[in-house]
Structures are given as C-alpha cells and as structure tokens.
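So the chains spell out like this:
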Amino acid sequence: MDKRYVLVLLIFSLSFVVSGSEETVTITDEAGRAVDVPYPPERIVCLVPSAAEVIYALDESDRMVGRTDDCDMPPALLDKPSVGTASNRVNVELILDLNPDLVIGRTGALFPEEIEEQIEMNGVPVLRYRALDLSTLFPMIEDLGVILKKEDEASELGDYIGGYYEMIKERVTPLSEDEKPQVYFMSMGHVDWTGGAESAGDERITDTGGVNVAEDLPGSLVYVSREWVLEEDPDVILYSRVSSSGEIPTAEDYEDTVEGTILSEPGFSDLPAVRDGRLYLFDISMASGLTEIVTYLQFAQWFHPQLFADVDPEAVHREIFEKYFDMELEGTWAYQYRPT
C-alpha cells in the first residue's frame, strides 16, 4: 500500500467528533470535500457500484439499505431496495424513505448537485466517489475502511490490489517509447468514442505500458471520425463492451460484437491490428471497482505478452470473485479476436 494512503488513514482515524451520544468522523472524499459522517453509519444508501463492491468486500453489506440498479456486483446486492437506475436518475423520496444516515453518490454531473442538496437538507451527509481508476480506488477503500471500522480489512484489500499494480509498474517502467504499442480505445460500446487526455482509459493504457493514440485530444470522452482511426493505424485496438445489468458475457457475445459492430465499419477489417489478432474486447464492468486490477493485468499482458507471460488475469479475476464476492467466476470477461 502506498505510504501516502497510510498517512491519510492515520489522519482520518484521529478526526473524530462526539456530539451528544453520536460519534462522527471527518472524511475527505474524492471530490475534495471534508464531510462529517456517522462512525460507523448504520444505514447506507449506495449509488456508486465500486463503493458497493468495497462495502461488500469488507463484509459490511448489511449496512446497505438501498442502492441503484447499477450496483449489481456481487449479485447478492440485488436483494437491496433500488432507488433508481443510476446516481443521476434516482428518486430522492425513495432514498429518504429508507432513513439513511449516509448516502454515497458519484462525483461530478453523474450525481446532480440539486439531488445532493435535497438529501443534505434532510440532515443526511453525502460522500462523493467514482473510483474509475486505481489512483482513486485506493483512497476510497481506505475511507470506507475508516468509516466502517474495518481499517485492517481495508488495508489487506488495498495491499492485495496494490501488489499487482506495483508489479505492473515495475515491469513497464523501464520500457522505451519505441517498445510501447500505439493503442486505440473504443469506449463504452462505441467505435468512434475514445478516451482523451483526461480519461481513466488514458491512465490505464499508460500505466500498463501502452501509448494512447488519443493522448493529445483534450477532455475525457472524445468523439473521433472513422477516418481518423484508420489514419492512426493503431498497433492494438481495445473495445469495452456494455452488457446488461447482471448479464454474464459469453464468447458468442463478443463474436457478435466483432462481426456486427467493429468489422462492419468500412476499412476496419483491413487494419493490421485486426488482421494480426490484436483486437481485444472486455466487459465494461471490469473498468471500475475491484476487478479493475484484472483489466490492468489484461492490458499489460495484451500489450506485452512476453513480459507478462507468467500472469493469469483470469485466475486473479476468479480469486477476487471467490474471496471478496462469495461467488464463482462464470462467462467470458475478456476476449481476443482471432481472424480465421
């Protein structure tokens, strides 16, 4: 675990306030706001999938009294009442009817300020997280460990993920720029939307030893033309497939996506990356939360197969499911297109 996170943890562990019989702790969330929350909260409404995963992994899901539909991993959380489809499409009345003492929402426009204000006006504190990359996942794990009085368990979870992260960095850091593949990332089921300079996708590609061909395009989610993709002629193409909530992806699903969405684009089947079998697909649910480290390992192995020949991303995925989600790994979560 990064030493700066340990320091933050120690600071937080001293930030207690007792008001009458109620004890609180001050947490600085991903949005940079210092928020006083109950210590520990008894009733949590969680609107952030990655936070829901961590709460479950820390064996504190009994405190979750409500969730959004996209908080569906592990499936055991589906028994919790739903307050909306996602954090920007929630029913505030339903949230308040659950009598929460803490609500966890997303950062930015994905959780509108007017919704937050309505919740806070009723005396309920709100924390904001999104944890779309490992640099924001680690602090969230630490924060939730403090809030839930599960510091040791949170440290163990962070160390488990951090160990793989450090291994990736140690292996790719010595690489020269010429040794890094040029990567085009098809974002959220679209061939013409990609991750720009400020995106989590750019960070993942860079951290795992690749070069994002859209690294000079400003913003996070960026539209590009099909012609631009052909001109860039990337060494590797990544596609994040969007599946329905609770759906277990299959190899056939990926094959249908390749044929119906990617190869149907004029000129795409002639790209060397496609012809040489360097078109890779993965389920979008792996792009955040605890399984994001599996995506990092998968990217690293796809970009540098010889450097990561000893790594088995699927085995790590299976271990996370069994150890932290109490479930077996089924289906195909990552797929390599192999032209015939």
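Note that the coordinates shown come from a computational prediction; the quantities given were computed from them, not determined experimentally.

Engineer: Mind showing me how you'd approach the overall build of the protein here?
Structural biologist: Tallying secondary structure elements over the protein gives 12 helices and 16 strands in all. Its C-alpha radius of gyration of 21 Å places the protein within 12% of the 20 Å reference for a compact globule of 340 residues. If one aligns the C-alpha atoms of the protein with their principal axes, the spans along those axes are about 70 × 40 × 40 Å. Counted over contacts in the protein with a minimum sequence separation of 6, partners at least 24 positions apart contribute 64%. Counting only carbon and sulfur atoms, one obtains 48% of the accessible surface of the protein, whose full area is about 14,900 Å².

Engineer: Whenever I open this one, the pairing of strand 14 (residues 236-241) confuses me. Can you help?
Structural biologist: Looking along a regular strand, one sees side chains alternate from face to face of the sheet. In terms of burial, strand 14 is a largely internal element, 6 of the 6 residues being buried. Neither face of strand 14 is open: one carries V236, L238 and S240, the other I237, Y239 and R241, and all of them are buried. Two elements, strand 10 (residues 182-186) and strand 14, share 4 bridges in a ladder whose sense is parallel. Directly across from F185, in strand 14, lies its bridge partner L238. Where strand 14 and strand 15 (residues 279-283) come together, 5 bridges link them in parallel fashion. What sits directly across from I237, in strand 15, is L279.

Engineer: Teacher, can you tell me more about the sheet that holds strand 10 here?
Structural biologist: Picture the strands of a sheet paired through backbone hydrogen bonds; they go either parallel or antiparallel. Strand order in the open sheet formed by 5 strands is 12-10-14-15-16, and the pairing between neighbours is mixed. For this open sheet the edge positions go to strand 12 (211-212) and strand 16 (334-337), each flanked by a neighbour on one side alone. The sheet contacts of helix 11 (residues 292-303) involve strand 10, strand 14, strand 15 and strand 16, and relative to strand 15 the element is tilted by about 175°.

Engineer: When you look at the nonpolar core in this model, what are you seeing that I'm missing?
Structural biologist: Across soluble globular proteins, nonpolar side chains show a tendency to be buried alongside one another. One finds I104, L144, L157, I161, L290, I320 and F325 to be the most contacted residues of the largest nonpolar core, which totals 59 residues. Setting aside residues up to four positions removed in sequence, I104 forms contacts with I44, V45, C46, L47, V48, A51, I55, L127, Y129 and L144. Core analysis: the next-biggest nonpolar cluster, separate from the first, contains 23 residues, I237, I262, L279 and Y337 among them.

Engineer: Before we go on, may I ask you to explain the sheet that holds strand 9 (residues 126-128) in this structure?
Structural biologist: An order of 5-4-8-9 is seen for the 4 strands of this open sheet, with the pairing classed as parallel. Each edge of the open sheet is held by one strand with a lone partner, namely strand 5 (64-67) and strand 9. Neighbour-to-neighbour, the strand axes of this sheet turn through a mean angle of 20°, independent of strand direction. Summarising the sheet, strand 4 (residues 44-46) and strand 5 pair through 3 bridges and their orientation is parallel. Each bridged residue has a counterpart across the sheet, and for I44 the counterpart in strand 5 is M64. Strands strand 4, strand 5 and strand 8 (102-105) of the sheet are contacted by helix 2 (residues 49-57), whose axis makes an angle of about 135° with strand 4.

Reading the values: rules and limits
- Residues numbered from 1 in each chain as written.
- Predicted model: local features only at pLDDT ≥ 70, side-chain atom pairs only at ≥ 80, totals over all residues.
- Heavy atoms only, no water.
- Helix = DSSP H or I, 4+ residues; strand = E, 2+ residues; numbered from the N terminus.
- Rg over C-alpha atoms; globule rule 2.2 N^0.38 Å.
- Contact = heavy atoms within 4.5 Å.
- Areas by Shrake-Rupley, 256 points an atom, 1.4 Å probe, with all protein chains shown as cover.
- Buried < 20%, exposed > 50% of the residue type's maximum accessible area, 1.4 Å probe, protein only.
- Pairing = 2+ DSSP bridges.
- Axes fitted to C-alpha atoms, helices over the stretch in contact; angles between N-to-C directions.
- Core = buried A, V, L, I, M, F, W, Y, C linked by side-chain atoms within 4.5 Å.

Function cannot be read off these values alone, since they describe shape.
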